[in-house]
Amino acid sequence: MYYYEGELFGSQSGEQFNQEADIRLLESLLNEESFQLLDSRDYPIVVYGEKGATLAGATVVSNEPVLFVNSFFLEDLMGDPEEGKIRLEHVLFHEFVHIEQIESKRLEIGSGTGIVIWEGKEFELCTNSKTLEYFEQPWEKEAYTRELQYTVDKGMIPSFEEGWEALLAQFK
């Protein structure tokens, strides 16, 4: 596990990321499974703070997949650290699915363009994760499906079907 160093999303204009306090916060929320997820993959991590921004994600910087985590999301998880560690594990697993999609060239993210190419087809990117439109993007559907299967396999939820129903219920 290592932290990204270099130019990032306008950091030349003073944007701060991977601050020591943010890194400590992330590391305090990593359970054993999360450490294993991070150690089993060699992708740089960016911890940044931007209110209202994406909680976590995967993107490409200088042709390299990068995992990013919002420190405001991490602070929210600290409200219940034990539950927060489990939630972070799910989020990391989900984002690693996106990194695999990027590496296999099935998912191409146009930096700042609002356009995503999924398996050769162009899509307008929906970034509002609270909408059904976001969930129905094919790369998200795949990531949620694999995340749910991961939680079933670990015995965190009783069945895939129950997890899927609970996930869809949040959009009703």
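Here's what I pulled together on the structure shown here.

Here is what the cut-offs are and how they apply
Residues numbered from 1 in each chain as written. Predicted model: local features only at pLDDT ≥ 70, side-chain atom pairs only at ≥ 80, totals over all residues. Heavy atoms only, no water. Helix = DSSP H or I, 4+ residues; strand = E, 2+ residues; numbered from the N terminus. Rg over C-alpha atoms; globule rule 2.2 N^0.38 Å. Contact = heavy atoms within 4.5 Å. Areas by Shrake-Rupley, 256 points an atom, 1.4 Å probe, with all protein chains shown as cover. Lys, Arg positive; Asp, Glu negative; His and termini not counted. Charge placed at Lys NZ, Arg CZ, Asp CG, Glu CD. Buried < 20%, exposed > 50% of the residue type's maximum accessible area, 1.4 Å probe, protein only. Pairing = 2+ DSSP bridges. Polar contact = N/O pair within 3.5 Å; in protein donor to acceptor, adjacent residues only side chain to side chain. Expected span 1.5 Å × (residues − 1). Axes fitted to C-alpha atoms, helices over the stretch in contact; angles between N-to-C directions. Parallel < 35°, antiparallel > 145°, perpendicular 65-115°, else oblique. Left-handed = near helix turned anticlockwise from the far one by under 90°. Nonpolar A, V, L, I, M, F, W, Y, C, P; charged D, E, K, R; others polar.

A word on the overall build of the protein chain
Argument step 1. Secondary structure assignment for the protein chain yields 7 helices and 7 strands.
Argument step 2. Reading the protein chain from its N end, one meets helices and strands in the order β-α-α-β-β-β-α-α-β-β-β-α-α-α.
Argument step 3. At 16 Å, the protein chain has a C-alpha radius of gyration in line with the 16 Å of a compact globule built from 172 residues.
Argument step 4. C-alpha atoms of the protein chain, sized along the principal axes, occupy 45 × 40 × 30 Å.
Argument step 5. Long-range pairs, those at least 24 residues apart, make up 54% of the contacts in the protein chain between residues at least 6 apart in sequence.
Argument step 6. Surface summary for the protein chain: the accessible area is close to 9,600 Å², and the carbon and sulfur share equals 49%.
Argument step 7. Of the side chains in the protein chain, 13 bear a positive and 34 a negative charge, and the two mean positions are spaced by 4 Å.

Brief notes about the pairing of strand E6 (residues 115-118)
Argument step 1. Side chains of E6 alternate between two faces, with Val116 and Trp118 buried and Ile115 and Ile117 left unburied.
Argument step 2. Two elements, strand E5 (residues 107-109) and E6, share 3 bridges in a ladder whose sense is antiparallel. Residue pairing in the sheet places Glu108 in a bridge with Ile117 of E6.
Argument step 3. The sheet contact formed by E6 and strand E7 (residues 121-124) spans 4 bridges and is antiparallel. Within E7, the residue paired with Val116 across the bridge is Phe123.
Argument step 4. Taken together, E6 and the strand that follows it, E7, pair antiparallel across an intervening segment of 2 residues, in which Glu119 is found at a positive phi of about 50°.

Topic: the side chain of Gln101
Argument step 1. Along the polypeptide, Gln101 turns up in helix H4 (residues 81-103).
Argument step 2. According to the relative accessible area criterion, Gln101 is buried, its value standing at 1%.
Argument step 3. Here the side chain of Gln101 touches Trp139 through a polar contact of 3.2 Å, landing on its backbone oxygen.
Argument step 4. When near neighbours in sequence (up to four residues on either side) are disregarded, Gln101 contacts Arg106, Leu107, Trp118, Trp139, Glu142 and Ala143.

Let's talk about H4
Argument step 1. The end-to-end C-alpha separation of H4 is 32 Å, in line with the 33 Å expected for 23 residues at 1.5 Å each.
Argument step 2. At the exit of H4 stands Lys105, carrying a positive phi of roughly 70°.

Details of the packing of helix H2 (residues 32-39) against H4
Think of two packed helices as two axes; the pair is described by the angle between the axes and how far apart they sit.
Argument step 1. Two elements in contact, H2 and H4, have axes separated by 9 Å at closest approach and are oriented at 20°. Classed by the angle they form, the pair H2 and H4 counts as roughly parallel. Two packed elements cross with a definite hand, and for H2 against H4 that hand is left-handed. Contacts between H2 and H4 involve Glu33, Ser34, Leu37 and Leu38 on the former and, on the latter, Lys85, Leu88, Glu89, Leu92, Phe93 and Phe96.
Argument step 2. Across the contact of H2 with H4, the residue classes break down as 6 nonpolar, 1 polar and 3 charged.

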